[in-house]
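A structural walkthrough
Each chain is listed here by its residues.
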Amino acid sequence: IYSYFSIPNLKTFPMKLVISLIFADMGYSFANLLSYFRSNKYACFMEGLIREFMIISTILWVATILGISYIQIRKYRYYLTRIYPQLLIVNIIISSMPSAAGAISIATGGSLYFGDELGFCSLMPDIYSVVLVAVPIWILIFVACYFVIGIRKTIQEYGLRDENRE
């Protein structure tokens, strides 16, 4: 992370994607550390809010990186290197949906809340956790697998062309 911010030549589109993934992983790690400092219900709320946001963000960045790699390996498109701000906004919006649903439900007295499950705070009751978090994660995992298979087939079929190596 230090190298990225201190060396201007590293601020390329691929490195921005990787740094975004690193920050999402660091946020998830921070949420895991918060599980050791749960002194009141607000601590569980913050842990759950961060955890649900960061886990979706992490897998979304993985799928994004794989999808862009797949597209660029098949045929290099220069304009894709300029869409980072849009990717960041979309990631933030999608990743915040489960956490926002939990926060809004708590604020309005709804049935959704952040509770302790297996030592970590997450959305409760479990049906909401499955619908709002687990299903999107599994969909993104399948999307990522599709891109990995596509990348493998493309490389086997065509090899890596010089214009597709960024």
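Above this text you will find the structure in question.
This structure is a prediction, so every number in the text was calculated from the model and none was measured.

**What about the pattern of salt bridges?**
Going through the model one piece at a time under the given rule, you end up with 1 salt bridge. Its salt-bridge partner being Glu47, residue Arg51 comes within 2.8 Å of it at the nearest N-O pair. Here the residue Arg51 and the residue Glu47 both occupy positions in helix α3 (residues 41-74), the gap between them amounting to 4 residues, near one helical turn. On the accessibility criterion, Arg51 (5% relative accessible area) is buried. Note on Glu47: relative accessible area 0%, which makes it buried.

**Side note on the state of the cysteines**
A covalent bond bridging the sulfur atoms of two cysteines is what the word disulfide describes. Enumeration over the complete set of coordinates arrives at 1 disulfide. Two residues share a disulfide in this structure: Cys44 and Cys121, whose sulfurs sit 1.9 Å from each other. Between Cys44 and Cys121 the disulfide shows an S-S torsion of about -120°. By sign, it is left-handed. In this pair, Cys44 sits in helix α3 while Cys121 sits in strand β2 (residues 120-124), placing the two residues 77 residues apart along the sequence.

Analysis parameters
Residues numbered from 1 in each chain as written. Predicted model: local features only at pLDDT ≥ 70, side-chain atom pairs only at ≥ 80, totals over all residues. Heavy atoms only, no water. Salt bridge = Lys/Arg side-chain N within 4 Å of Asp/Glu carboxyl O. Helix = DSSP H or I, 4+ residues; strand = E, 2+ residues; numbered from the N terminus. Buried < 20%, exposed > 50% of the residue type's maximum accessible area, 1.4 Å probe, protein only. Disulfide = S-S within 2.5 Å.

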